[in-house]
Amino acid sequence: MSLEDLGLTADEDAVYRALIGLPTAPYELVAEVVALPGERTEAALRALMIRGVVVRPAGGQGYAAVPPAVALGAELATRREQVQRAELTVARLAETYRMVTADRAQRELVEIVEGTEAIRTRYLQLQLSARHSIDIFSAGEPRAVTPADSEEVTAISRNVRVRAVIDQGFLREPGAAENVAQSLAAGVHVRTVTEVPYKLILCDSSVAMMPLHGREADVDPAVVLRGGLAHVARELFEAVWERGRPYQEEPHPGVDPLDAHILRLLLAGLTDTAVAGQLQMSARTVQRRLQALMIRAEATTRLQLGWYASHHGWV
């Protein structure tokens, strides 16, 4: 990456990179290394000193580069904030444009979105435009929108609460356990159920998006609901959330994190083979670790082990 992306000119970039490799260098050495005309080297050094990325050591002899993490870290943070603000602005402008151009009756109730790319774009727009909350049902194989496409982290950085209910079908997908762990680390609240009614995203309890033809349909098309229809989706989400089992990544301090992870997946309904696939180990290893946990819990069945783990804070 060129430092021009952070606002430096090509000459300033060349001079700063040269000084990074020189502890302290007189002007003549800097000019020799960068191979620029004298006036351009002088101008670049002056500009870098004004930006605070180059200093003159005590005594005024030569020039030295300020460490990159100090000199450019603040600039990087500012750029990230600017990008996040721009994303939010674009999402809100897109929503305003849609509301202005859509038929009034459709705008207030229903919008049909067709095509994989259009569905993905609309989904991300809803996430980025949320101000208070995002609620999600995740089921089965990700299609139009994958975990990599999600803007949950961006939303959480704006103090938006994100909740997700995932079902057994979702947890059986390759890499699902890792994706859930990343979501939990980002601050998403996660619960599991045997099966959710269908995929869903609900933003600010007022706009919902779901498949038009139900759970088993292909990706096309999707429907966006507002008003009373979105309120129905909200009530459904709350009902499923209430009966869901919390999926936590903070096990009891006396339980090995891997064992806790195995127990969580089993309590979510996965088989030994499915758990082994998610954790990239053999089913035999999963069974061996479960047997050790049963001995520790003095349990004679998996059901007793699950009860013990739930009531003693293992998961």
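Below: a short report on this structure. (Residues numbered from 1 in each chain as written. Predicted model: local features only at pLDDT ≥ 70, side-chain atom pairs only at ≥ 80, totals over all residues. Heavy atoms only, no water.)

Topic: the overall build of the protein
Part 1 of the reasoning: Along its length, the protein carries 14 helices and ten strands.
Part 2 of the reasoning: Rg of the C-alpha trace for the protein: 27 Å, well past the compact-globule value of 20 Å for 315 residues, more than 25% over.
Part 3 of the reasoning: Counting all 315 residues of the protein, 41% fall into the buried class.
Part 4 of the reasoning: For the protein, the proportion of contacts with a sequence separation of at least 24, taken over those separated by at least 6, is 66%.
Part 5 of the reasoning: Total accessible area on the protein is roughly 16700 Å²; 54% of this is exposed by carbon and sulfur atoms.
Part 6 of the reasoning: Side chains of the protein carry 33 positive and 40 negative charges; the gap between the two charge centres is 5 Å. (Helix = DSSP H or I, 4+ residues; strand = E, 2+ residues; numbered from the N terminus. Rg over C-alpha atoms; globule rule 2.2 N^0.38 Å. Buried < 20%, exposed > 50% of the residue type's maximum accessible area, 1.4 Å probe, protein only. Contact = heavy atoms within 4.5 Å. Areas by Shrake-Rupley, 256 points an atom, 1.4 Å probe, with all protein chains shown as cover. Lys, Arg positive; Asp, Glu negative; His and termini not counted. Charge placed at Lys NZ, Arg CZ, Asp CG, Glu CD.)

Thoughts on unusual backbone geometry
Leave glycine aside and you will find that most residues have negative phi; peptide bonds, for their part, are mostly trans.
Part 1 of the reasoning: Phi angles above zero are rare outside glycine, and A35 is one such case at about 55°.
Part 2 of the reasoning: Position of A35 among the secondary structure elements: in the loop between helix 2 (27-34) and helix 3 (38-51).
Part 3 of the reasoning: Although it is not a glycine, N159 sits at a positive phi angle of roughly 65°.
Part 4 of the reasoning: By the secondary structure assignment, N159 is in the loop between helix 7 (152-157) and strand 5 (161-167).

With respect to helix 13 (residues 283-297)
Part 1 of the reasoning: Taking 1.5 Å per residue, 15 residues should reach 21 Å; helix 13 reaches 21 Å between its end C-alpha atoms and fits that length.
Part 2 of the reasoning: When helix 13 is considered as a whole, its buried residues turn out to be V286, L290, L293, M294 and A297. What you see down the axis of helix 13 is that its buried residues fit within an arc of 100°, all on one side. Within helix 13, the exposed residues directed more than 90 degrees away from the buried face are R284, R288 and I295.
Part 3 of the reasoning: In this structure, the buried side of helix 13 is in contact with helix 11 (257-267), helix 12 (272-279) and helix 14 (302-311).
Part 4 of the reasoning: Count one or two residues on from helix 13 and you reach E298, which has phi positive near 55°. (Expected span 1.5 Å × (residues − 1). Arc of directions from axis to C-beta.)

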